[in-house]
Amino acid sequence: GPRPTERLIGLERMGEKLARAIRPAVEPIARARVSVTAEPLEMRSFQDWQDQQPEFSALTLFRLRPLRGGMLVQIDADFIAALVEIFYGGAPGAVVKRKPGDFSASEELLLNRLLDKISYILASHWNEVTPVELALAARETNIAHLPFLRGEEMVVVQKFTLSAGVQPTTISVL
């Protein structure tokens, strides 16, 4: 995607710090060493990003009070299923294809644990820049049902690639 403008360099630096903070948050759940890489920022229309999303994934919308707008965290459903598999004694790093349908109770619990950790990390890093409070606004599994932005609005996408001890996946933050 297109490279960010110079004023987004601070966000890119924050992305690298977030990647370092996400690793120790995920490792206890994954029961393995995990590599987390902050990918280069992308500026694109929300519609363009939305068109590339799977039909089913974990989408969590946060308000950043007192700022206007919000932050969307997208986590792949198969990654959640793989972490649940590990939790119940499966081999770390095994590739899991989850069955279609809503998240199971175990997947919801694990997703909530992961989101608690990730939202805490995001809030603490944002607070180094400007005082914000993250408030859960919506949880959804289909991007079409999420009241986030109009399609033509521009978003900054920060992707984190997780690999090594886990099923390779990407967590996106908009």
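Residues numbered from 1 in each chain as written. Predicted model: local features only at pLDDT ≥ 70, side-chain atom pairs only at ≥ 80, totals over all residues. Heavy atoms only, no water.

### A closer look at the nonpolar core
Put simply, the rule reads: In this description, a nonpolar core means a group of buried Ala, Val, Leu, Ile, Met, Phe, Trp, Tyr and Cys residues linked to one another through side-chain atoms lying within 4.5 Å. Any residue under 20% of the maximum accessible area for its type is buried, any over 50% is exposed, and the rest in between are partly exposed; the area is computed with a 1.4 Å probe on protein chains only. Runs of E in the DSSP output that reach at least two residues are strands. Runs of H or I that reach at least four are helices, and both are numbered from the N terminus. Throughout, a residue-residue contact means that at least one pair of heavy atoms, one from each residue, lies within 4.5 Å.
Counting residues in each nonpolar core, the largest one holds 38 residues, and the members touching the most others are I75 and L114. Among the secondary structure elements, those contributing two or more residues to this core are α1 (9-30), β1 (34-38), β3 (57-65), β4 (70-76), α3 (77-87), α4 (105-127), β6 (154-164) and β7 (169-173). The element contributing the most residues to this core is α4, with 9 residues. Setting aside chain neighbours within four positions, we find I75 in contact with S57, A58, I80, L111, L114, L115, I118 and I171.

### A look at unusual backbone geometry
Cis rather than trans, the peptide bond between R65 and P66 has omega equal to 5°. Inspection of the secondary structure puts P66 in the loop between β3 and β4. A positive phi angle, close to 55°, is found at R31, a residue other than glycine. Mapped onto the fold, R31 is located in the loop between α1 and β1. The class of R31 is partly exposed, set by a relative accessible area of 49%.

### As for the environment of N142
Here N142 is to be found in the loop between β5 (133-140) and β6. Between the C-alpha atoms of N142 and S57, which are 85 residues apart in sequence, the distance is 6.7 Å. When residues no more than four places from it in sequence are discounted, the contact partners of N142 are E55 and L59.

### Some details on the pattern of salt bridges
For clarity, the threshold we go by: Salt bridges are identified by distance alone: a Lys or Arg side-chain nitrogen within 4 Å of an Asp or Glu carboxyl oxygen.
Considering all chains together, one arrives at 6 salt bridges under this definition. The salt bridge partner of R44 is E42, with a shortest N-O separation of 2.8 Å. Note on R44: relative accessible area 9%, which makes it buried. Classification of E42 as buried rests on a relative accessible area of 15%. The shortest N-O distance in the salt bridge between E107 and R98 comes to 3.0 Å. You can call E107 buried: its relative accessible area is 9%. The class of R98 is buried, set by a relative accessible area of 15%. Residues joined in a network through salt bridges with shared partners are R23, E27 and R33.

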